[in-house]
Each structure stands twice: as structure tokens, then as C-alpha cells.
Amino acid sequence: MLRSDAPPASSFLQRRVATERRAQPEARFADLSRVVQLLQDPISSSLKERQIFILKKVVKRCQRGFLLKDLADICQILNLCAERVTDHPEYPKILCDLLQICGLPFLKEKSSDEMKFCSAAADCLSQMGYLMRVPLPEVRQQICASVISFYSRDKHKPSFDGVCPTHVDYRGLLVERSGLAETLVMSLALMEKQLSVKLRLLQTLQILSRTSEVNCRLMLRAQAAQKICFHMSEREPSGQVLFRSSEILWNLLENGSGEEVTAQLSNTDCIASLKEAFLHQLLNGFRHYDRQLRNDLLVLLSLIASNPSAPLIESGFVKHLALFVTFPELKSHNPLVRNLKLSFNHEDFEMKKLLLNVIVVLSKDLAALQLFKESRVMLGLMLLIKPRSSEAQSGRRSWTSSQQEELQLQALAALTSLAPLMLDDYMTCQANTCLLLLLDWCLQDDSFSGRGHSFHGTGGRGGKKAQMRYCVRVLRSVVSLDSEPLRQDLCDQGAIGQLLGVLRWFTARPEDEDAVSLEIQIDSQFILSVLCEGDVHRKELFGSDGVEMLIQYLSLDAALIFSGLGHNKLLLSTVDCVWSCVVGGFGTEDAFVAGRGVDLLLQLLQRSPRHMLIALVGTLLELCENPQAVASAQCWRGEGDTSAPQLLLQIWRREEEDTGVTRDRHGMIADVKRPMVSRHQDESSSSSRDVSAAVRDVSETLRANIYCIFCKLGFERLSGLSAEDLVTLSIVRRYLDFKVAEVLHEVSVELWNEGATPVSSDEEALKSLRRVGEDTAENVRSLQQSIVGRQRQEELQEERLLYKEIGFTHKQREIAAEAWRNYVARTSNYSVFKEFKRLQEEHRSTGGPDAPSEPALEGPETQDAVSDQ
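Model, not experiment: these values are computed from the prediction.

The rules behind these values
Residues numbered from 1 in each chain as written. Predicted model: local features only at pLDDT ≥ 70, side-chain atom pairs only at ≥ 80, totals over all residues. Heavy atoms only, no water. Helix = DSSP H or I, 4+ residues; strand = E, 2+ residues; numbered from the N terminus. Contact = heavy atoms within 4.5 Å. Phe/Tyr/Trp six-rings, centres within 6.5 Å; stacked < 30°, edge-to-face > 60°. Buried < 20%, exposed > 50% of the residue type's maximum accessible area, 1.4 Å probe, protein only. Lys NZ or Arg CZ within 6 Å of the ring centre and 35° of its normal. pLDDT = per-residue confidence, 0-100. Core = buried A, V, L, I, M, F, W, Y, C linked by side-chain atoms within 4.5 Å. Axes fitted to C-alpha atoms, helices over the stretch in contact; angles between N-to-C directions. Parallel < 35°, antiparallel > 145°, perpendicular 65-115°, else oblique. Left-handed = near helix turned anticlockwise from the far one by under 90°. Salt bridge = Lys/Arg side-chain N within 4 Å of Asp/Glu carboxyl O. Arc of directions from axis to C-beta. Patch = residues over 30% accessible without salt bridge, like charges linked within 9 Å, V, L, I, M, F, W, Y side chains within 5 Å. Areas by Shrake-Rupley, 256 points an atom, 1.4 Å probe, with all protein chains shown as cover. Nonpolar A, V, L, I, M, F, W, Y, C, P; charged D, E, K, R; others polar. Polar contact = N/O pair within 3.5 Å; in protein donor to acceptor, adjacent residues only side chain to side chain.

**With respect to the overall build of the protein**
Along the protein, the regular secondary structure elements total 44 helices and two strands. The contacts in the protein between residues at least 6 apart in sequence include a share of 75% that link residues at least 24 apart.

Here's what the structure looks like:
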């Protein structure tokens, strides 16, 4: 029996049918191929109203998105609609509706649909890009809107009706595979008269290039940077074209190939467009947004400047740029800057730093340097590096103290690159005087405290160390040039004394030592070395104060060489300073020797690694021209009581071991025909025919310098040498003879290789000289054998003495043991003691010389004493 409140059967069936219809909305119209057939059938071509009705039905039934499996048919429908937009006014609207649905995430029924229909989905998106050929603005607007929506939307809707939307990562992959970005770039040429569509298209390209490297690569393949830059300076009230274009270029630089972007922008039209846009923003922009955009354009221009083939000078941009670099430090009547005013805010400050950076990039071009000279860029830099007065500048806006400090440091960094290239302007502006005054200001104790915020301010927080660092770096860059007037000008203004003051300033503050401090000291020593090299008068100016300073540096702990902070470079620069500032001056040499400088060099020589030995041995050789230095070296004793000759012979053996010279186990000559030829020398002689391997070995190894030092120390009466040292010394003594023999051997080999036969007299001379060389080697080898033989005899004699001492010790121990046994017998056996007493009395009564004395009561202590003896 039915209940009275139960619903009727008809209403139940209606609800069930409605539910099924909602559950499968696409099932009723799943076969889109019939729609395509209707649109393509020639018979139905006149049925416009019927076709429009069916298309509207498709739009209505697919409001939630298209299935992946239907995308192939959707592509055909879109193309057919695009071909008929002029046939009926309804087609453009239907096409826009279909494109709007394409902006929704594609739908999948199975997880495998994404892989299965990936190619069809990519083709569909590609066809969307090709629809930009349709000249209707609303269609193009809708394409851009759909691409943005499809690429950007990431709202995961719950699954419905057995289908779910694809993930945003999958959609991004489809866009990359479709080449849509490249197609949209190529369609830019169609938007000349449709400004609103162009803005929408630029927005689309900006979004596509924001994070995808693949899209950026596709866009660059379509010459996106060049095409976008062509039109970025077009006058447009909102300024969106310039903004969108610059953002796209930035995205291409960050996610694409910077070299490709720079190459595309390095043409006259692009540079002219960028220049016009930059000047417009600089002269007319007043908003914070305008200043930021101006700086972005300047960065793009600086990147183009790094390309040597970019026609920046031909475009006139470099001339304007040189003018802006010196503003507001230098006044000018040029119309570009006459009415230009800076707000001295953060954006203007960033522009000033970018301008300083651009001139450094452009300094590689000689034509740009000429424009810099005409614009007095060097004078502007001098005004920037001048220390700021502590007095307040009333009535005039200027940079803040932190901004001024950062600009000062960057101007010094720019001067490091520009000063060597603009030396005439450098001297005209009296830059040496300005830098030395700045250096003197750095050494003063005042209230200035560096912020150290910028890149160039590293290590300068709380002081003037950063300014000192770049000031010394500029001086180093100019003294490295072979310009005697510049060096003389520095010396005339007291640069040597000031640099010594810098070194004293750091030696008085060892607790502040860091990488920046070491760099300043190294550069200061380098400048002193360049100034004093070969000039006796300047070495006198260096004087005893400088020598005392060098001795302090040489007294550094050698263990600091391996600290990784840079002390190895400091020690090398100190040795180079000794070579250039001390050697050759009588007063400085005497002061250096008196301050135990030679001892410190030998101490460093004993502890330093291989790469430092060349400078140390060379400096020691030059000092050995002074007899006092030779006497100091002869008296030196190092670790393990090592003498200077022993140390040099150790270095000689290590050098031969490193270069692969053949020696036997005693260090004697193994090959009398080639007594000093190394393995490296053989390899270089076989690979290079330009320079003699024997001659090149003289400059590449330490053996020649060690031989010259021994020529000063002498080869005789060298105390403390072992047999191994004497064997090595015999080779050192004949170094020059062996080198002559090597050169003659190379001459003979070259003649043989070239097929040249010397005349009989020359051939006899070569043979005679070869025999002399071999006889010399044989004599040295015989001497070495005698040295080794004497050593063996001495070792045998020492061994005999040792055995004799051992035998004597054993004999004494036996006597002591026998005495102990007699003592024990006398004290433990009374009859033995009585007999001994009787014999003692008889001897005493006869008074014989051998009468035994009164027996002593020997004990264990006596036994121990005898045993010890």
C-alpha cells in the first residue's frame, strides 16, 4: 500500500532523467566530428542559420571546458569559424566564445589522457596563435585573454561528472611545446594600427616569458628582442608600451640567452629607440615609476655597451652619456642638462652609479675615450673622489653622506680602469695630487666612519680602509705604465714617504689585519718597487725607514704563508720590494745587512714553498754583491744548525729531483755524457725548436742563481758540509762547464738534424770540446767517488771505535763482577776471610810492595759504581 505523502512516479522519473543529464552534459553532444562534417559539407554551406545554431549549442554545452579527446575537432571548428568571420556577423562572436572556453583548463577523463592527447592539445594551442591572422580586434583580444587565462589560472576545482581539469604545470608544458610564444611574437607586425590589441599582446608575452626558459628561447628565435625594441619608444599616453616592452626584455635576459638578446639589440634602430626612450624618461619623467623605468633602460644600454660591435657612438648615445656622467658635478650649457634637475633620491643615486659603470664598459673603445676627454669625464671623477667637507651645505641639495661615500668609492673604481687609458687627462687634472691628498685624509684620525654598505665598501665599515684600498689601487694602475714623467711627479710630491706611512699605519695595527688590509699593503709595496727600481736617488728617499719597515715584514711568521689570507703574496711583494728598493743603493744595502735582513731572507728560504724560492734566491744573489752581505750569509745558522751553503745545496738537490735529473743513490753523476740534463729539458727540446733547452733551463730553474751565489761565497773552506753536500758541491762547482757542454751538444744535434756537415776544423773542435766536457764529468765523478770512499772509511773507523768501546765496556763489567764475587766470598765464608787476612799480614810484615791493604767492606754501592764504570 502506497503512502499518501510519497511523490508520484512521474516526478521521480523526471528527477532521475535530469540528474543523468547533469551528470553527463557532454555525453549528449560528444561527437563533435558531426559538427565538423556539417561545417565542411558543401551541401550545408548555405545553411548559415543551422550552422550558427549548432555552434551556439556547442558553446553552451562546453561551458566548463573542452575534453582533451575533443581538441582535434575543436581546432577544425576554430579554423572553419575563422574562415567565415566575414560571411555572417554571428561568426566573430561564436569564435570569441569558443576561444574564451579555450582559456579554461582542458578536461581529462582518465589520468592517461594527458599523455595520450598531449600532441593534439599542443596543436590546438598552436592553432590559437595562428588565429591572430584574423583582422578583427575582438578576436585578437580574446586570443590574448585566453592564453593568459590558460597559462596563469591555478584554481583547482573539484572533480565533477567524472572529469577533472588539467594541472597548471601540464598546461605550461603544452604552451611550451606548442610554440605559441614564437607565433605571438611574429604576429606583432600585424598590430601596427591596433594599439589596444598590441598592449594586450605585450602583456601576454610578458606573462609567457616571466618564468619559462623555453618560451624565452622560442621568442628569441623569432627575434623578439629586436621587434619589441623597435616600437618601445612610440608615444603612447599611458606609457604601457614602454613598460611592457622593458619587462619583456628583462625576462628574456633573465631566462634566455643574454648574448642573444644583446646581439639582437645591437643595431642602429634598437639603440636609437632605447636612446629616445631613455632621454624621454630622464627629461620628462617625474614619478617614482618613471625613474625606475629610466634606470632599467640604462641597464639595457650598458649591456649593449659590452658588445664591441654595437653602434653606440654612431647613434650619439655615448656623447650624451658622457654629459650625464659629469652632472651635477660640472656645469654645462648643453640644452640637455641646462634644465635637468635631480631629486637626489634613491633612483637618481642608482642612475648615477649605473652611469659610472657604463663608462667603464665603454672605455674599451678608443672613440669613446675621445668623447670622454671632450666631456671632461676625468675632472668629474676627480670631483667625486674629493673628500666631502664636514661643513653642511646650506641652501643646496646634494647626496647624503652614505650616498657620497658610495659614489666616491665607485668613482675610484672607475678611475682604476680609465686612468691608464686617459693618462694625458689624468696628468692635466693633477690626479696624482688629488689621490695623495685623499691618501693623506685616509690616514688622519677624525670622526669619519665608513658605512661599508656597497660592494666597493667591503672591509671599510667604521673607517676609511675602503677609500685607502681603491686609492692605492688607482696609483698602482698608473705606475704600472711605462711613464717616467708620471712616476717622477709622484716622487716629487712625496709619494714614497706617504706609502711608507701607509705601511707603518698597518704595522701599528696588527689586530685589524684582514684580506683588504693585506691587499693595500701589497699594492703599496708594489708601487714602491716600481718607483724605486733602477733609480739610486729614489732608493735614498726610501732610506733607512723603509728598510726598517721591510725588516718588520720579513720577520713575519713563515707559518702565515699557508693561512690562506694572503700573507704569501705579502711576503713575495716584500721580497720584490727588497730587490727594487734596497739592492743597488749603498746606504740601503748596509742598513738592510745591519738589520739582519740577510739572515731573515735565509730563514724564509729555509721555510718557504717552491714558488717563493725564485724571488728569494734572486734577491739573495743581488745582495751578495755586497761584501757585508756575504759575511752575514757565511755566519748564518738556521734550524738544525744548518749553514747557508748546506741550505743552498739542499735546494739544489730538491731542484734536480723535481726536474728529473739522473743521479745514482749517492747523488753522483750517472751519465757522464749528459751530467746535468733533466727529463723536462729533454721533453721541451723535443717539442720546441725556437729556444735552446739548455739556455731556457738557466732561467727556469734555480741552479744558475745558486751557482752564482757560491761564486760569491767560495767553494773552499765551507765548514759543516756532509759527504752528500760535498758530492753536490762538486757538481755545482762545474755547473758552467757542464752548461757549455750541453750547448755544444745541442749545436751538434741541430747540425745533424738540418743535414749540415761542419768543416773538418770545426768538427775537430766540436769533438775536442765534447771530450773535454766528458773528461770534466769523469773527473767530477772520480772526485765524488773518492768523497764517498772517504765517507765509507770514516764510517768503518767509527764502527771500529764503537766496537772497541763496547768491548772495553764489557771488560770493565767482567772485572766489576769478579770483584763482587770476591767480596761475597770474603763476607760469607770465614775460612776464606781468614786466609785473606793471613796473606795480608805476611805481606805487611815483609813490607813488600804488593802487600794487600786492609780489606774494605765493599757493598752493593761499590759494585754499582764499578758496573757503571
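**Side note on the packing of aromatic side chains**
Evaluated as defined, the whole model comprises twelve aromatic pairs. Measuring from ring centre to ring centre gives 5.9 Å for Phe243 and Tyr289, while their planes differ by 55 degrees; the resulting arrangement is tilted. Taken together, the residues span a long stretch of sequence, with Phe243 in helix H14 (residues 240–255) and Tyr289 in helix H17 (residues 288–305) at a distance of 46 residues. Since its relative accessible area comes to 23%, Phe243 is described here as partly exposed. Measuring from centroid to centroid gives 6.4 Å for Tyr707 and Phe715, while their planes differ by 40 degrees, and the two rings are tilted. Phe715 matches Tyr707 in its accessibility class, with the two residues each being buried. When the ring centre of Phe150 is taken as origin, the NZ or CZ atom of Arg171, which lies over that ring, is 5.8 Å away. We note Arg473 situated over the ring of Tyr470; from NZ or CZ to the ring centre the distance is 4.8 Å.

**Quick notes on the side chain of Thr166**
Structurally, Thr166 can be placed in the loop between strand E2 (164–165) and helix H9 (168–178). With a relative accessible area of 1%, Thr166 lands in the buried category. Ignoring anything within four residues of it in the chain, the contact list for Thr166 reads Leu68, Pro105, Phe106, Lys108, Glu114 and Arg171.

**Re the confidence of the model for the protein**
For the protein, mean pLDDT is 85; residues scoring 70 or higher make up 89% of the total. Scored below 50 in pLDDT, residues 16–30 shows eleven contacts in the model against residues more than four places distant or in partner chains. Below pLDDT 50 for its whole length, residues 390–395 participates in two contacts with residues either more than four positions away or in separate chains.

**A look at the nonpolar core**
Judged by nonpolar contacts, the single largest core of 239 residues is most densely connected at Leu252, Phe372, Tyr426, Phe542 and Leu605. Grouped together as the second largest cluster of nonpolar side chains are five residues, Met668, Ala723, Val727 and Val788 included.

**A short note on the packing of helix H16 (residues 268–284) against helix H18 (residues 317–325)**
In the contact formed by H16 and H18, the axes pass within 11 Å of each other and the chain directions differ by 25 degrees. With respect to H18, the axis of H16 lies roughly parallel. Both H16 and H18 take part in a crossing whose hand is left-handed. Along the contact surface, H16 presents Lys275, Phe278, Leu279 and Leu282, while H18 presents Phe317, His320 and Phe324.

**Looking at the pattern of salt bridges**
One pass over the full model with this rule turns up 35 salt bridges. With a shortest N-O distance of 3.0 Å, Arg653 and Asp725 are connected by a salt bridge. Highlighted residues: Arg653 in helix H36 (residues 644–659) and Asp725 in helix H40 (residues 723–733), separated in sequence by 72 residues. When its relative accessible area of 5% is taken as the criterion, Asp725 is described as buried. Across the pair Arg703 and Glu656 runs a salt bridge whose closest N-O atoms are separated by 3.6 Å. Residue Arg703 is found in helix H39 (residues 703–713), and its partner Glu656 is found in helix H36; the two are separated by 47 residues along the sequence. Here the two residues Arg703 and Glu656 agree in accessibility, since each one is buried. Connected through shared salt-bridge partners, Glu656, Arg663, Asp697, Arg703, Lys739 and Glu742 make up one network.

**Re helix H27 (residues 484–492)**
Every buried residue of H27 is accounted for by Leu486, Arg487, Leu490 and Cys491. The arc enclosing the buried residues of H27, seen along the axis, measures out at 135 degrees, which places them on a common side. In H27, the exposed residues that point more than 90 degrees away from the buried face are Pro485 and Asp492. Against helix H24 (423–428), helix H25 (431–443), helix H26 (465–479), helix H28 (495–507), helix H29 (515–532) and helix H30 (536–554) lie the buried residues of H27. Directly beyond the C-terminal end of H27, a positive phi value near 80 degrees is found at Gly494.

**Comments concerning a nonpolar patch on the surface**
Taken together, the side chains of Val695, Val743 and Val747 define a hydrophobic patch exposed on the protein surface, amounting to about 200 Å² of accessible area. Looking at where Val695 falls in the secondary structure, it is placed in helix H38 (residues 693–700).

**Let's talk about the packing of H28 against H30**
Packing of H28 against H30 brings their axes to within 10 Å, and their N-to-C directions diverge by 15 degrees. Relative to H30, the element H28 lies roughly parallel. Pair H28 / H30 crosses with left-handed handedness. For the pair H28 and H30, contact is made by Ile496, Leu500, Leu503, Arg504 and Thr507 and by Arg538, Leu541, Phe542, Asp545, Gly546, Met549, Gln552 and Tyr553, respectively. Split by residue class, the contact of H28 with H30 holds seven nonpolar, three polar and three charged.

**Some words on the side chain of Thr659**
Mapped onto the elements, Thr659 comes out in helix H36. Only 3.3 Å separates the side chain of Thr659 from the backbone oxygen of Glu656, close enough to count as a polar contact. Setting aside residues up to four positions removed in sequence, Thr659 forms contacts with Ser678, Arg679, His680 and Thr701.

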